[in-house]
Amino acid sequence: MRTKEASLRIIRVFQQLPRTGEAAVLGKQLLRSATSVAANFRAACRGRSTAEWYAKCCICVEEADETLFWLELLGDSGIVAKIRLTSIEQEYLEIVSILASARKKAQR
């Protein structure tokens, strides 16, 4: 599952963060949002109705976008070199795009 693999990559980023207060705060937010994407997508796939799937998909889009925000802050603040985050940011951009598109189609 792509969202699970992406969240595992985030866990590895989190484990490599410097031991500072700022990194801890941003890192925990990043970890929460990324793992939420994977958990909610899993729940959506096991949904009992289209409405339940749609609701979980909406949460996934929000959390994936929030994950992008925390990644941007880590890079823009200099806590992590931006070049190290490029690949994972691209992955979450794609996840947001895919999930937003699926949500839009389901809405019709």
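Residues numbered from 1 in each chain as written. Predicted model: local features only at pLDDT ≥ 70, side-chain atom pairs only at ≥ 80, totals over all residues. Heavy atoms only, no water.

J.: Please explain the overall build of the protein as it appears in this structure.
T.: Each helix and strand counted, the protein has 4 helices and 0 strands in total. Helices and strands in the protein line up, N terminus first, as α-α-α-α. What you see for the protein is a C-alpha radius of gyration of 14 Å, in line with the 13 Å of a compact globule of 108 residues. Referenced to the eigenvectors of the C-alpha coordinate spread, the extents of the protein come out at roughly 45 × 20 × 20 Å. Intrachain contacts of the protein at a sequence separation of at least 6 include 73% that bridge at least 24 residues. Carbon together with sulfur atoms contributes 54% to the accessible area of the protein, which is approximately 6400 Å² in total. Seen as two clouds, the 17 positive and the 12 negative side-chain charges of the protein have centres 7 Å apart. (Helix = DSSP H or I, 4+ residues; strand = E, 2+ residues; numbered from the N terminus. Rg over C-alpha atoms; globule rule 2.2 N^0.38 Å. Contact = heavy atoms within 4.5 Å. Areas by Shrake-Rupley, 256 points an atom, 1.4 Å probe, with all protein chains shown as cover. Lys, Arg positive; Asp, Glu negative; His and termini not counted. Charge placed at Lys NZ, Arg CZ, Asp CG, Glu CD.)

Purely geometric stuff here, so don't read any function into it on its own.
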